[in-house]
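A structural walkthrough
What follows is the residue order along each chain.
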2 protein chains.
Amino acid sequence: MQDSRLRGNDGGKARIAVRFQERNFMNEQENKVKIEARTLKGFRDYGPAAQVVRQEMMRKLEVVFERFGFFPLSTPVLEYKDILMGKYGEDEKLVYSFKDNGDRDVAMRYDLTVPLARYVAQNQNEITLPFKRYQMAPVWRADNPQKGRLREFMQCDVDVIGSDSPLADADVLACVCAALDAIGVTKYQLRLNSRILFTAFCESMQLNQEQSLEVIRAIDKVKKIGIDGVTAILVERQIPEPAIGQVKKYLALGEGDSALDGLATQVSVSLALVADTMRNFIALLKQQGVREEVIVFDPSIARGLDYYTGFVFEITLTDYPDFGSVGSGGRYDDLLSQFSNQKLPSVGCSIGFGRLFEAMEDQWVTSASLIDVLILNVDPAYTGLYVLLASALRKEGLNVDLYYQSAKFDKQFKYAEAKNIPYAVIIGEEEKSAGTVKIKNLQTREHVEVKMADVVSYFKSKK
Amino acid sequence: MQDSRLRGNDGGKARIAVRFQERNFMNEQENKVKIEARTLKGFRDYGPAAQVVRQEMMRKLEVVFERFGFFPLSTPVLEYKDILMGKYGEDEKLVYSFKDNGDRDVAMRYDLTVPLARYVAQNQNEITLPFKRYQMAPVWRADNPQKGRLREFMQCDVDVIGSDSPLADADVLACVCAALDAIGVTKYQLRLNSRILFTAFCESMQLNQEQSLEVIRAIDKVKKIGIDGVTAILVERQIPEPAIGQVKKYLALGEGDSALDGLATQVSVSLALVADTMRNFIALLKQQGVREEVIVFDPSIARGLDYYTGFVFEITLTDYPDFGSVGSGGRYDDLLSQFSNQKLPSVGCSIGFGRLFEAMEDQWVTSASLIDVLILNVDPAYTGLYVLLASALRKEGLNVDLYYQSAKFDKQFKYAEAKNIPYAVIIGEEEKSAGTVKIKNLQTREHVEVKMADVVSYFKSKK
């Protein structure tokens, strides 16, 4: 236990072990006050059934991200506090930060975007651009859990750093759509817009920057407050009347192809070029394999005004309209400027892993069957046989559990049921002497007798 | 953006986006002092090449854990501080703890064992026993990074809660050995001992509890200080001379089968029963598929005196003797008693993920090739073709990257080289008009011409 690295990399049990030596050998815990086992508000465990689903989701997402040429990146949970500060506006107060033992100001990861920027800036001489990375990892926000928000939740980001080609935007979006398809989410809408459209629109109305901001902010609210609500805001903010009229026309376009066509014909001819860019981008998305029916041009989507610089998008679930977006992102060019003089055009998307999990948890959990076979423990005398059989089945790629104690059948079946195991293998005296095995389908309650030598191939055929 | 859950589950970009609106629309970052991009001491990024290897390791380990019937569990990074306190002796000072925004004392996960105990106690009415779980997740220790220890590192634990059957011990060990085999670590030793052997041995010498502790602690040090060193300690601690003589005999046994045989014949006949138990356990391990040559009985291994209650074990790499153990664990019965009156016999093992990664990083990273094909961007006019081909290959399960800009060949080849991509697909004017595709093997620098229609099947055959 003297090797310096052992404590850092060996298991926790080793560490506990050493330290327990220094405590009283007598079992003093017996008389100790028990500590209430509980989790913090806004934090949750994912028990076996849920975690099986989450890991399955993660694996499927990883496969797709890599299929599109994105590499994984892992960054630490703790960062110097100054790396995170100045990035999140008033939400900065939601960052978990503290002084560590060395009196350093540290903070827990609040998102995956700032660590990405830090990583790229720190390694800019080694990185080959464009840098395509994905990262799936928890982040922490001291949000109000009363509102149903978790304080620890998984983020799942795909970004391309260092390319201004629309191919990069299309790559990110096609990848995210393929990722959703891969986890069985097929009914979604990819709602697209472009910051450049807003710029062109505001220029066409000859608005100054401040007015432009007001207009864009108001348009972004139309789904919640309607066109009249938007108009009321603009009147209140003293936007010139002709501009308000234009905004009404703009919002009356609605969404989809007709809205795209209407930009130049019904709002301003100066928007024709932007509309063409959007059409080309949509064509590119289709070539990339994004299904035509999921693509929706939505001129009301604004997203971060100081952040995004090109295409912006939100993904919503068709069957869960109240769920909000399960993915969002866009093109942004200032990510790195906070850490470096290098300016790198970038585009990225965050998938709302937690929300997708919530949407899918029910249907997945009930069907999840991690273990294929439970070998029952009928007679301790046959333990060797049970163990050998378990070992043989595992070598063939089956997930096998073995009941440790020779308990009553009832108890063993209940165990199988609790773990959603579909088959039980029974070898008692009768079977042993006949050289057979009883295989019980725990769903149908039917069973078959199979020769001992054929058990492995029986289950292989079921796999 | 009003949906309450959106902020909690949608991507970080959404959050940033909203907040950036409230900042100055003018790009004030231009003139800002840049923040130095750096990581905290004891923390590190895992860049793409390393992270590919780590994820590959994790996936392989997960498959094996599930093959042995272990389910995944995920617990939060932050726990109430009192959950962690009183568990790690003087190492408690290494726990990252702080007051959160709600003035709660919270602490970052220090190992995976205490959260497991907390989880089981908290859910004891819902959990079906025995509870078999694995967890792979980072933990944090404010250790001295000068000694090569990371402050954030991955733990990887497999435990069975609620069974006193040796089958459970064998299950854990067979699982861990199969896990090592699965990640290509085959040259290791599984060094076994039993706390019950120490108890029997100390009883045979008629030592009291305090003396027993001294003797066991000294024996545990024999690999570092030799038999003479152990003797010197025991003399200093005034252990009776006959006992010291017995300890010498015990240590002179060495290790392996001969040592096991010698327990009864050369040390004390009262150890015959314990020796038999060990023999039966070793037989069980072999039945479970553990290779005979890796199993070594090692009577000097003690591990945590107040923690372990039965079999104890350490796994060492044969080719890396200085590396220390890459896995350790044993049977322990008091895990839950800190949170609940329930007493559950348990057994578990921690795999030293970080150390195994270090041992294997070199050999894996050089061979890792995540992306199968790079489609070169020769002529922007053919972009649609490139994109369609990328999409077709991805649908067939190939990992495909597409160069976004039509840069010089040299630059594109360098990109492929940096990402370790084995093949490049070239479609220029010549190929386009001939209806062919040039496929270049980037290692051999050779190329073949393939009909456009045959590209997909060409790569499928390479897969």
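Residues numbered from 1 in each chain as written. Chains lettered and ligands numbered in written order. Predicted model: local features only at pLDDT ≥ 70, side-chain atom pairs only at ≥ 80, totals over all residues. Heavy atoms only, no water.

Digging into the overall build of chain A
Helix and strand content of chain A: 17 helices and 16 strands. For 463 residues, the compact-globule formula gives about 23 Å, and the C-alpha radius of gyration of chain A, at 29 Å, lies well above that figure. Along the longest, intermediate and shortest principal axes, the C-alpha atoms of chain A span 95 × 55 × 45 Å. Buried residues in chain A amount to 61% of all 463 residues. Total accessible area computed for chain A in this model is approximately 17900 Å², and 49% of it derives from carbon and sulfur atoms. Measuring between centres, the 59 positive side-chain charges of chain A sit 5 Å from its 63 negative side-chain charges. (Helix = DSSP H or I, 4+ residues; strand = E, 2+ residues; numbered from the N terminus. Rg over C-alpha atoms; globule rule 2.2 N^0.38 Å. Buried < 20%, exposed > 50% of the residue type's maximum accessible area, 1.4 Å probe, protein only. Areas by Shrake-Rupley, 256 points an atom, 1.4 Å probe, with all protein chains shown as cover. Lys, Arg positive; Asp, Glu negative; His and termini not counted. Charge placed at Lys NZ, Arg CZ, Asp CG, Glu CD.)

What to know about the relation of the copies chain A and chain B
With an RMSD of 0.1 Å, the fit of chain A onto chain B corresponds to turning through 180 degrees and sliding 0.0 Å along the axis. Taken together, these values place the two copies in the relation of a two-fold axis. Looking at the rotation axis and the C-alpha trace of chain A, the residue lying nearest is Phe98(A), at 3.2 Å. A share of 100% of interface residues in chain A that are also interface residues in chain B marks the association as one of identical surfaces. (Least-squares fit on C-alpha atoms with pLDDT ≥ 70 in both. Contact = heavy atoms within 4.5 Å.)

As for the side chain of Ser325(A)
Residues and elements named next belong to chain A. Of note, Ser325 is situated in strand β10 (residues 325-332). By relative accessible area, which is 5% here, Ser325 ends up buried. Within the structure, the side chain of Ser325 is placed 3.4 Å from the backbone oxygen of Gly327, a separation counted as a polar contact. (Polar contact = N/O pair within 3.5 Å; in protein donor to acceptor, adjacent residues only side chain to side chain.)

Description of the interface of chain A and chain B
If you look at the interface, chain A gives 177 residues, while chain B gives 178 residues. Buried surface at the junction of chain A and chain B, summed over both partners, amounts to about 15700 Å²; 53% is from carbon and sulfur atoms. With a closest N to O distance of 2.6 Å, Glu62(B) and Arg59(A) form a salt bridge. At the boundary of chain A with chain B, the tally comes to 46 residue pairs in polar contact (both at pLDDT 80 or more). Counting residues per element, the side of chain A that touches chain B draws most heavily on helix α3 (residues 48-67) of chain A, at 10 residues. Broken down by class, the residue content of the side of chain A that touches chain B amounts to 67 nonpolar, 54 polar and 56 charged. (Buried area = accessible area lost by both parts, 1.4 Å probe. Salt bridge = Lys/Arg side-chain N within 4 Å of Asp/Glu carboxyl O. Nonpolar A, V, L, I, M, F, W, Y, C, P; charged D, E, K, R; others polar.)

Here's the deal with the pairing of strand β11 (residues 346-351) of chain A
Residues and elements named next belong to chain A. Summarising burial for β11: 6 of the 6 residues are buried, a large majority. Neither face of β11 is exposed, since Ser346, Gly348 and Ser350 on one face and Val347, Cys349 and Ile351 on the opposite face are all buried. Examined bridge by bridge, strand β6 (residues 152-161) and β11 share 6 bridges and lie antiparallel to one another. Bridging across to β11, Val160 finds its partner in Val347. Here β10 runs beside β11; their pairing, made up of 6 bridges, is antiparallel. Bridging across to β11, Tyr332 finds its partner in Ser346. (Pairing = 2+ DSSP bridges.)

Here we look at the nonpolar core
Among the nonpolar cores identified, the biggest contains 106 residues, and Ile375(A), Phe459(A), Phe65(B), Leu190(B) and Leu192(B) are the most heavily contacted of them. With near-sequence residues (within four places) excluded, Phe65(B) lies in contact with Phe70(B), Tyr134(B), Met136(B), Cys156(B), Val158(B), Cys175(B), Ala179(B) and Ile351(B). Ranked by size, the runner-up nonpolar core spans 105 residues in total, among them Val172(A), Leu260(A), Val267(A) and Leu393(B). (Core = buried A, V, L, I, M, F, W, Y, C linked by side-chain atoms within 4.5 Å.)

Let's talk about the sheet that holds strand β14 (residues 423-426) of chain A
All names here are of chain A. With respect to topology, 5 strands assemble into an open sheet ordered β13-β12-β14-β15-β16, the strand pairing being mixed. The two strands at the open ends of the sheet, each matched to only one other strand, are β13 (400-402) and β16 (447-451). The mean angle between the axes of side-by-side strands here comes to 25 degrees, regardless of whether they run parallel or antiparallel. As paired strands, strand β15 (residues 436-441) and β16 are joined by 5 bridges and run antiparallel to one another. Considered in β16, the bridge of Val437 is made with Val450. In the packing of helix α14 (residues 383-395) onto the sheet, contacts are made with β12 (373-375), β13 and β14, and the angle to β13 comes to roughly 170 degrees. (Axes fitted to C-alpha atoms, helices over the stretch in contact; angles between N-to-C directions.)

Remarks on helix α10 (residues 241-252) of chain A
Residue and element names in this part refer to chain A. Taking 1.5 Å of rise per residue, the 12 residues of α10 would be expected to cover 16 Å, and the 17 Å separating its terminal C-alpha atoms lies within 8% of that figure. Among the residues making up α10, those that are buried are Ala243, Ile244, Gln246, Val247, Tyr250 and Leu251. Projected down its long axis, α10 carries its buried residues within an arc of 160 degrees, all on one side. Exposed positions of α10 whose direction lies more than 90 degrees from the buried face are Glu241, Pro242 and Ala252. Considering only its buried residues, α10 is in contact with β7 (188-194), α7 (195-204), α8 (209-220), α9 (222-236) and α11 (257-267). Gly254 lies just past α10 and shows a positive phi near 75 degrees. (Expected span 1.5 Å × (residues − 1). Arc of directions from axis to C-beta.)

Here's the deal with the sheet that holds strand β3 (residues 97-99) of chain B
Backbone hydrogen bonds are what pair the strands of a sheet, in a parallel or an antiparallel way. All names here are of chain B. Spatially, the 3 strands line up as an open sheet ordered β2-β4-β3, and their pairing is antiparallel. The sheet is open, and its two edges are formed by β2 (78-80) and β3, each paired on a single side. Taken pair by pair, the neighbouring strands of this sheet meet at an average axis angle of 35 degrees, ignoring direction. Across 3 bridges, the pairing between β2 and strand β4 (residues 105-108) is antiparallel. Bridge assignment links Tyr80 to a residue of β4, and that residue is Val106.

Considering the packing of α10(A) against α11(A)
Residue and element names in this part refer to chain A. Here α10 crosses α11 at 150 degrees, and the two axes come no closer than 9 Å. Taken as axis vectors, α10 and α11 run roughly antiparallel relative to one another. As α10 packs across α11, the resulting crossing turns out to be right-handed. Counting all contacts with α10, which are made through Gln246, Lys249 and Tyr250, the residues of α11 involved are Leu263, Gln266 and Val267. (Parallel < 35°, antiparallel > 145°, perpendicular 65-115°, else oblique. Left-handed = near helix turned anticlockwise from the far one by under 90°.)

Points about the pattern of salt bridges
The final tally for this structure, using the stated rule, is 55 salt bridges over all chains. In this structure, Asp276(A) and Arg279(A) form a salt bridge, with 2.9 Å as the shortest nitrogen-oxygen distance. Taken together, the positions of Asp276(A) and Arg279(A), both in helix α12 (residues 272-287) and 3 residues apart, correspond to about one turn of that helix. With relative accessibility at 31%, the residue Arg279(A) sits in the partly exposed group. With a closest N to O distance of 3.2 Å, Lys460(B) and Glu396(B) form a salt bridge. Highlighted residues: Lys460(B) in helix α17 (residues 455-462) and Glu396(B) in the loop between α14 (383-395) and β13 (400-402), separated in sequence by 64 residues. One salt-bridge network, in which partners are shared between bridges, spans Lys132(A), Asp171(A), Arg394(B) and Asp401(B).

Details of the confidence of the model for chain A
All names here are of chain A. Scored by pLDDT, chain A has a mean of 88; 90% of the residues are at 70 or more. Across residues 1-30, confidence stays below pLDDT 50; counting only partners more than four residues off in sequence or on other chains, it has 112 contacts. Reported for the predicted complex are a pTM of 0.89 and an ipTM of 0.89. (pLDDT = per-residue confidence, 0-100.)

Some words on the state of the cysteines
Simply put, the disulfide is a covalent bond whose two ends are the sulfur atoms of two cysteines. Taken as a whole and assessed by the stated rule, the structure comprises 0 disulfides over all chains. Residue Cys156(A) stays outside any disulfide, its sulfur separated by 8.6 Å from that of Cys349(A), the closest cysteine. (Disulfide = S-S within 2.5 Å.)

A closer look at the pairing of β10(A)
Residues and elements named next belong to chain A. Within β10, 8 of the 8 residues are buried, which leaves it mostly tucked inside the rest of the structure. Note: strand β9 (residues 308-317) against β10, 6 bridges, orientation antiparallel. Across the sheet, residue Thr316 finds its bridge partner in β10, namely Ser325.

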